[in-house]
Structure formats: structure tokens, C-alpha cells
Amino acid sequence: MQDDLDDLLATAARRPVVPTEALMNRVLADGLALQPAAAALKSAPRPGLFARLSGLFGGPPVLAGLGTAAVFGLALGYLSPTTLNYLTGASTDMAEFFPEADFLTTEG
Amino acid sequence: MAFDAHGDTSDEALMVLYANGDRPAALALTQRVTPRVLAYAARLLGGDRAEAEDVAQETMLRLWRVAPLWRQGETKVTTWAYRVATNLCIDRQRSRGRRRQLALDDAPELADGAVGAEGQLQEAGRMAALEAALAELPDRQRQAVVLRHLEGMTNPEIAAIMEIGVEAVESLTARGKRALAAILAGRKDELGYEGDRDAG
């Protein structure tokens, strides 16, 4: 009986169970009805005023460098020469610009 | 039904495409999974075509719903579908509360074949007897025998569907086949094997 059973099972396995067109259409209709909509391509959000301004100067890193330079420039402009000497370790008192031109300012 | 435009795409990739709104993916999954689930359900439900169709449609409905949450690489689509269909068939059998003997006209629809009308009738009778015998098996044995011998799955695949170990699958299949042979031994005349052997 074992051989007969094997034959029988093999025959049964070869017999396709054909789905009806109506079933396939119902299944597909369910699938399309439940299908998530295709993700819409979203446009990038419009940048804000600050972002646009920083972009004008080359972006945040460049803007940061510019800001730092501006702060140092202001600080150097307001600081007294004494403090500047202290910072730079040099003396501005001894500076002589155009020493050979003094004779031009003397009379006689 | 239209042509499957995703012939080379894996079932798992189709699930992702479907979840992303790809309509041909819905068609491809319908054409690939539905016939297999229908055949399996028909065999588990003793050839009850109407109930098998309900199970197939319900299984596919759940597949559509789970698609957006599908995680590739965890399980195969067919394994998942067979598992869902198995549970649905068990629920239906429990609610039915009985296993009815299969009538000849309950046999699944025959595909066009080369066998003649008489041979086809005899083969249909044998199939009906087989399905009736399968229906007498305990649920787990029937599932294992159907998946192994009718759906052509490997033991590890069956283990994944039934959520048991491979050794348990081997045991269920062996016991199921022995029980099936014992049931069919009493119906040899009905199956027409005596005549076949004598003639051959």
C-alpha cells in the first residue's frame, strides 16, 4: 500500500488547483484598495531669512569666520595702545615713521 | 488577468514595492501567492472549494495589511502565507465541528489533462478518497503530510510554517503517512488499484 500511497500523493501533487478568475479579481481588488498611496515627492522647505543671508556669504562656517574677524577688529580698534603693547609685547612709542624726512618740517 | 511585470523580483521585494504604492507588485503577489494558498487550503479542508477560496482571500487580505510593516529577511512571504492559511483552516474546521466525507463533485477543479474521461473519473475518485483519508488524520499530521507530499516543501520550510522543530516534522510526516496508508488500505477496491495491478 505504501507504493500506492506514494503514487497517489505524487498524482495529487501534480494536480493543480486552479483559482477562478473571480477569486483572482477579488484578491487583486482587495490589494489595490488597501495599497498605501505612492509617497509624494515633497519639495524642500523654503530656507529662512538667516539661512538665506548666511548662504549669501558662503554658509555658516564662512559667516562664523567673518563674525570672529569683525569682533577682533572692533576690539583692536577700541583698545588703548598700552593694552595693545601688553598684548603684542611691543612698544609703539619708539616707532618713527619716515625718520629721514624730519628736515622737511624744520624752518630756516 | 494581466501579465506579471515583476517576473524576476523576489516575493519579499514585491512586498516592499507594494507598500510603496507599486500597482504591478499587487498583481504579481496576487498571481504568485493566491494559487498556492488556495491549493493548500483546499487540501487541508478536504477539498471544500468554497471554504478554500474564503481562506485564500482572507490570507491575502492579511498579507496586504501586513505589507507596510514587512521586514525583509525575517521570514519568506510564502512561509508566512502558509502559516496564516493553516490557522484559518484550523479555525474553520473547529467552527465546523465535523469532518465531512468528500463527495465526488467536491474534488478541486481539474486542469486540462491528457487522460480520457474514464481515467479522469477514476483519478478524481482516487483524489476524493485521498482527500477524505487526509481529512481523517489529526490536524498536525495532515498539515505536515500536505506540506511535505503535496506542496513539495522541505522539512525546514515545514518547520518554519508549523513553528516546530525539524525532528517533529519528520515524526508527524511519518506518522501521518502510516495512518493514511492504514485508512486507504481498507479502500483499495474503491481506489481501483486492484484492477490496475491485475491488468498490469
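Residues numbered from 1 in each chain as written. Chains lettered and ligands numbered in written order. Predicted model: local features only at pLDDT ≥ 70, side-chain atom pairs only at ≥ 80, totals over all residues.

A. The overall build of chain A, seen in detail. From N to C terminus, chain A includes five helices and zero strands. Split into buried and exposed, the 108 residues of chain A put 8% on the buried side. (Helix = DSSP H or I, 4+ residues; strand = E, 2+ residues; numbered from the N terminus. Buried ≥ 20, exposed ≤ 12 C-beta atoms within 10 Å, placed from the backbone.)

B. Layout of the overall build of chain B. For chain B, the count of helices and strands is ten helices and zero strands. What you see in chain B, going N to C, is helices and strands ordered as α-α-α-α-α-α-α-α-α-α. For chain B, buried positions account for 40% of its 200 residues. Expressed as a percentage of contacts within chain B between residues at least 6 apart in sequence, the contacts between residues at least 24 apart total 65%. (Contact = placed C-beta atoms within 7 Å.)

C. The arrangement of the confidence of the model for chain B in detail. Residue and element names in this part refer to chain B. Per-chain confidence: chain B averages 83 in pLDDT, with 78% of residues scoring 70 or above. Ranking the elements of chain B by mean pLDDT puts helix α10 (residues 193–199) last with 48 and helix α3 (residues 49–66) first with 96. A low-confidence stretch, residues 98–110 stays under pLDDT 50, and its non-local contacts, those more than four residues away or across chains, total 29 contacts. In the model, residues 195–200 has pLDDT below 50 throughout and makes zero contacts with residues more than four positions away in sequence or in other chains. Model confidence for the complex is summarised by a pTM of 0.65, with the ipTM given as 0.77. (pLDDT = per-residue confidence, 0-100.)

D. Seen up close, the nonpolar core. Residues and elements named next belong to chain B. Judged by nonpolar contacts, the single largest core of 62 residues is most densely connected at Ala41, Ala81 and Ala85. A per-element tally of this core places helix α2 (residues 23–44) first, with 13 residues. Of the domains in this structure, domain 1 (1–98) and domain 2 (107–200) are the two that each give at least three residues to this core. Beyond its immediate stretch of four places on either side in the chain, alanine 41 contacts Ala52, Val55, Ala56, Ala85 and Cys89. (Core = buried A, V, L, I, M, F, W, Y, C linked by C-beta atoms within 7 Å. Domains from an automatic or database assignment.)

E. A look at the interface of chain B and chain A. Taken together, the contact between chain B and chain A spans 39 residues of the former and 29 residues of the latter. With ten residues, α2 of chain B is the largest single contributor of residues to the side of chain B that touches chain A. Grouping the constituent residues of the side of chain B that touches chain A by class yields 25 nonpolar, seven polar and seven charged. (Nonpolar A, V, L, I, M, F, W, Y, C, P; charged D, E, K, R; others polar.)

F. Summary view of helix α2 (residues 21–34) of chain A. Over its 14 residues, α2 of chain A runs 20 Å from end to end, which matches the ideal 20 Å to within 8%, given 1.5 Å per residue. Looking only at α2 of chain A, the buried set comprises Leu23, Met24, Val27, Leu28 and Gly31 of chain A. The buried residues of α2 of chain A occupy one face: seen down the axis, they fall within an arc of 130°. Along α2 of chain A, the residues that are exposed and aim more than 90 degrees away from the buried face are Glu21, Ala22, Asn25, Ala29 and Ala33 of chain A. On its buried face, α2 of chain A is in contact with α2 and α3 of chain B. (Expected span 1.5 Å × (residues − 1). Arc of directions from axis to C-beta.)

G. Structural detail: the packing of helix α7 (residues 155–162) of chain B against helix α8 (residues 166–185) of chain B. All names here are of chain B. At a minimum axis separation of 8 Å, α7 and α8 run at an interaxial angle of 100°. One element, α7, and the other, α8, form an angle in the roughly perpendicular class. Residues Asn155, Pro156, Ile158, Ala159 and Met162 of α7 form the contact with α8, whose participating residues are Val166, Val169 and Glu170. Class assignment of the residues belonging to the contact of α7 with α8 gives a composition of six nonpolar, one polar and one charged. (Axes fitted to C-alpha atoms, helices over the stretch in contact; angles between N-to-C directions. Parallel < 35°, antiparallel > 145°, perpendicular 65-115°, else oblique.)

H. A look at unusual backbone geometry. A positive phi is found at glutamate 163 of chain B, a non-glycine position, where the angle reads about 60°. Looking at where glutamate 163 of chain B falls in the secondary structure, it is placed in the loop between α7 and α8.

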